[in-house]
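Structural features, examined
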Amino acid sequence: MKQLQNILEILIFPSGLFLIVLGLAYNWIDRKLVARYQNRIGPRWFQPAADLFKLLANEEIVPDGVNPFLFTALPMVGLAGALTAALYVPIGGVAAYSYSGDLIVTIFLLSLLTICLGLAGSITIDRFSLIGAVRTLTQLFCYEAPFLLALLGPAIVAGSWRISDIIAYASGHTWLFITQPIGFVIAMIGLMGKLELPPFDAPEAETEIVAGPLTEYSGRGLALFWLGKAIELVIGLTLIATFFLGGMSNLLVFFAKTIGLLLILAGLQSLFARLRIDQVVGLWWRYGAILVLAQFLVMIVWKGVF
Amino acid sequence: MATTEKQDRFIVPIGPQHPALKEPEHFEFTVDGEIVTAATARLGYAHRGIEKGSENRTWIQDLYLFERVCGICSHIHSMTYSRGVEKLAGVTVPPRAKSIRLLAAELERIHSHMLWFGVAAHEAGFDTLFMYIWRDREVVMDLLETLSGNRVNYSVNLLGGVKVDVTPEQVDAIRHGMDKLEKRNKHYLKVVTTDKSFLNRTRGIGIITKEQAKILGTVGPTARASGVEREIRVNAPYGAYKDYPANIILDPTGDLEARFVVRIKEVLESCRLIRETLDGLPEGELTTRMPRRIKAGETISRTEAPRGELFYYIKSNGTDKPERIHVRTPTICNMSSVLVTSVGHQLADIPMILVGIDPCFSCNDRMVVLRHSHGDTEEWTWERLRQHGIEFYR
Amino acid sequence: MNPNSANKVDKDMLNNLKSWARANSPWAIHFNSGSCNGCDIELVATLTPRYDLERFGVLMRGSPRHADILLATGPVTRQSRDRLIRIYEQMPDPKFVVAIGACALTGGVFRGTYNCLDGIDKVIPVDAYIPGCPPRTEAIIQGLVALLGSLKPTPDAEPVTEETDV
């Protein structure tokens, strides 16, 4: 019975199917909000589902000059990374698995998708993919450390690296968004960098390098990468909403908070011109990393003093 | 990448199908990391043989052919052509027709500049700005539609006059539209000069100095953004511009930001010109009689298209068909400036620099490159192409 | 119910789902084969707030590998012919071609000039034609929606794009 429950938890709720549906829903909300910010009507509610099914049904072309095994395997590994990461995150209230240190595992599993994306771009001989891959990996090295540090902030004050402990701490105290505003901002922007949303979309800048690493992908590979990103959006928003906005008290309130974050995310997406990759590096290492480190130091000193 | 001698040269091809270009043109940028070290262009994808084709049609048919040299600046093409033909035939266009031509030309300039502005914002990855500008551009599209009944190829011109009249209701509508456009464009002027993230992509990028601009022969807003005083409306006023003089808009900086500023200020200037024209719209006929056969002779006709100087050479042999028409469009003049300035810039800036001159490739293609299956490239120069054309029509 | 018919029902459902998804998620790529830009700017205008093609799920993609619909304009010049074929071949199946504008249909005003091939359908198969010089934005949208409508699963007709079992 326990095993059956485990399987159900992985396949249906809280991860698996539920996660995919939630990913599609968030993707739609994001697209709709951006469209509304741009004065447009935007897509219909079932749009992401239609996109997903269509891509899955399309022919998958494996271009000449790539290793076909890697070409088909990388999207799967990336998606698997994102899905596995979701097992430790209490998306529907409870996490499927939980142990001390799962925060670090989750964050690194999230990076797996980006690394797969970079590899997928670099195994093809297409020039746009190659440049896109280089940019993807460059950007990964930019936001990864500040993003990690920003999420470690709540872990430090909670005194645990277990996600559920941190959430329990966050729901019992003042919103960490007020005590760690820099961490919150860095985490939000880091999430945008991770998902390659504008203005951090240099790796897939349409007007420069077509679609970056994904240029040669069609059909299933594209669908899986795209789904992986949608799931990363869910995980990232859940982590930020629970850590910084007062934990997981009530499912309804939690989803309201997440959608509030999505509102900010869509607003940020439509406010800026795209940053060049050198500007991205400059932004993260000149401001992001320093700011989050400063906050980190203050926190450690604070914790030591009191 | 494929061959060994190319190992250290990493070439990024842009076009003929590329999201940055709405038209088929091929550029090759050699990059070192993200820095561009060399640039070449391969034109000719949009070569349709218009000049040769025009020799096979009557003067009136050619009016519609030349209107479709470029869909964005269609009015100015047909206007330049008809001005040349009228000059050859010795016909004077009635003053009201002249004013209406100016009206359409300035409305077209507004539409063309706003279109360019939106596309350039899109190249910079600023899609929201693109959407906003194109939303406001619909105002001028509506005005053009009210005036001519068409959104893109208006066919306002006839040989010897214009086809459309302006009613008092349309005058009101245009005035109202100008108010709206002026307000919005003043706002956009503020955006391009103050928005930090946008300035990151425009300020100090793609600088063409005044000397360079002169040597490379740039025209239009590209030249004026570098401080070169080239503006046909001012240097050699034609048509109704003699009565309603335009002001030249200059910016000495020469970077992308200056090109934005110059174009937006030109939109504001066009609004002013349109208002003045509407205030003093003369009464009278719209057309004069035009002979079917044009007297033998040759002439040139120059106008200021939205992208710069447009030049027509027209030669008649006294029949109802032209003997030779040559078109020189602004983009071909500005093209070399892109290839020169892009060297040393980041790859990410290339689309912006490319679009910075407001390229209109459908105007400029004069040469065809055919690639045979065995990989040789055969270039058809103008002479070869002309020979082919002559044989084709024989 | 015998296993065969159950299998058939499953297959029908899958086919229906596929054609539903295809009709509702048309990702498009735009290629200009020597047009005067008139059609192209009207095509771009359909993406902008007043017309907004994303309402119908149309997304403009840069890479032919991502696209289902090729929106082709222009009379096909000799030089762009090879590119047009190449882009068509790079697109994954099932793919559709929409010819936009008088030039793309017949060569339009350029018909008979020495460097034009007079129409997209001389080079690649075309599924929908949108006439006009240039077609109005509303016409482009209607043409696309008509094409999508023909993809939708209908109760009595076989799905358009699927191969059927004999």
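Please refer to the structure higher up on the page.
Being a predicted model, the structure only gives us computed values, none of them experimental. (Residues numbered from 1 in each chain as written. Chains lettered and ligands numbered in written order. Predicted model: local features only at pLDDT ≥ 70, side-chain atom pairs only at ≥ 80, totals over all residues. Heavy atoms only, no water.)

A separate point is the sheet that holds strand β4 (residues 96-100) of chain C. Adjacent strands of a sheet pair through backbone hydrogen bonds, lying either parallel or antiparallel. Residues and elements named next belong to chain C. An order of β2-β1-β3-β4-β5 is seen for the five strands of this open sheet, with the pairing classed as parallel. Across the chains shown, the open sheet's two edge strands, defined by having one partner strand only, are β2 (59-60) and β5 (128-130). Two strands pair when backbone bridges link them, and β4 and β5 are joined in this way by three bridges, in the parallel orientation. Bridge pairing in β5 links V98 to A128. (Pairing = 2+ DSSP bridges. Helix = DSSP H or I, 4+ residues; strand = E, 2+ residues; numbered from the N terminus.)

By a frequent convention, interface size equals the accessible area lost on bringing the separate parts together. Taken residue by residue, the interface counts 30 residues in chain B and 24 residues in chain A. Across the chain B to chain A interface the summed buried area is about 2400 Å²; carbon plus sulfur atoms make up 56%. Across the chain B-chain A interface, the total number found is one salt bridge. One salt bridge in this structure joins A:R276 and B:D349, with 3.1 Å as the shortest N-O distance. Looking at the side of chain B that touches chain A, the elements with two or more residues in it are β1 (10-14), α4 (95-123), α5 (127-148) and α7 (196-202) of chain B. Of the residues forming the side of chain B that touches chain A, the biggest block, five residues, is contributed by α5(B). When grouped by side-chain class, the residues that make up the side of chain B that touches chain A number 16 nonpolar, seven polar and seven charged. (Contact = heavy atoms within 4.5 Å. Buried area = accessible area lost by both parts, 1.4 Å probe. Salt bridge = Lys/Arg side-chain N within 4 Å of Asp/Glu carboxyl O. Nonpolar A, V, L, I, M, F, W, Y, C, P; charged D, E, K, R; others polar.)

This part takes up the side chain of B:E304. Residue and element names in this part refer to chain B. Turning to its location among the elements, E304 is positioned in strand β6 (residues 297-305). Of the residues examined, E304 reaches a relative accessible area of 1% and is grouped as buried. Among the polar contacts made by the side chain of E304, one reaches the side chain of R224 at a distance of 2.9 Å. Setting aside its immediate chain neighbours within four residues, E304 contacts I76, R109, G220, R224, R230, E231, I232, R233, Y238 and E309. (Buried < 20%, exposed > 50% of the residue type's maximum accessible area, 1.4 Å probe, protein only. Polar contact = N/O pair within 3.5 Å; in protein donor to acceptor, adjacent residues only side chain to side chain.)

A separate point is the interface of chain C and chain B. Facing 40 residues of chain C, the contacting portion of chain B comprises 53 residues. When chain C packs against chain B, close to 3800 Å² is buried across both sides, 60% of that on carbon and sulfur atoms. Broken down residue by residue, the surface that chain C buries against chain B is led by C:I41, C:Q79 and C:Y114, which jointly contribute 22%. Our count for the chain C to chain B interface comes out at four salt bridges. At the junction of chain C with chain B, the criterion picks out seven residue pairs in polar contact (both at pLDDT 80 or more). Among the elements that make up the side of chain C that touches chain B, the one with the highest residue count is helix α2 (residues 38-45) of chain C (six residues). Looking at the side of chain C that touches chain B, its residues break down into 18 nonpolar, 15 polar and seven charged.

A separate point is a nonpolar patch on the surface. Residues A:F53, A:L56, C:L14 and C:L17 make up a contiguous nonpolar surface patch of about 320 Å² in total accessible area. Those elements giving two or more residues to the nonpolar patch turn out to be α3 (47-57) of chain A together with α1 (3-24) of chain C. (Patch = residues over 30% accessible without salt bridge, like charges linked within 9 Å, V, L, I, M, F, W, Y side chains within 5 Å. Areas by Shrake-Rupley, 256 points an atom, 1.4 Å probe, with all protein chains shown as cover.)

Bringing the packing of helix α2 (residues 59-67) of chain B against helix α3 (residues 74-89) of chain B into the picture now. All names here are of chain B. Close contact between α2 and α3 brings their axes to 7 Å; oriented N to C, the two are set at 150°. One element, α2, and the other, α3, form an angle in the roughly antiparallel class. α3 is crossed by α2, and the crossing has right-handed handedness. Side by side, α2 and α3 meet where W59, D62, L63, F66 and E67 of the first sit next to S74, H77, S78, Y81, S82, V85 and L88 of the second. (Axes fitted to C-alpha atoms, helices over the stretch in contact; angles between N-to-C directions. Parallel < 35°, antiparallel > 145°, perpendicular 65-115°, else oblique. Left-handed = near helix turned anticlockwise from the far one by under 90°.)

Turning to the pattern of salt bridges, a few remarks are in order. All names here are of chain B. Counted under the stated rule, the structure contains 40 salt bridges over all chains. In this structure, R233 engages E106 in a salt bridge whose closest nitrogen and oxygen atoms are separated by 3.1 Å. Linking R233 in helix α10 (residues 232-235) with E106 in helix α4, this pair joins segments that are 127 residues apart in sequence. Of the two residues, R233 and E106, both sit in the buried class. Linking R275 and E182 is a salt bridge whose minimum nitrogen-to-oxygen distance equals 3.2 Å. Here the residue R275 occupies a position in helix α11 (residues 256-279), and E182 occupies one in helix α6 (residues 168-194), the gap between them amounting to 93 residues. Exposure remark for E182: the relative accessible area of 17% places this residue in the buried category.

Residues and elements named next belong to chain B. Counting 97 residues, the largest nonpolar core has Y81, I110, F117, L129, M178, F198 and Y312 as the members making the most contacts within it. Take this core: its biggest share by element is 15 residues, from α4. Excluding anything up to four places from it in sequence, I110 contacts V140, M178, L181, V267, S270, C271 and I274. (Core = buried A, V, L, I, M, F, W, Y, C linked by side-chain atoms within 4.5 Å.)

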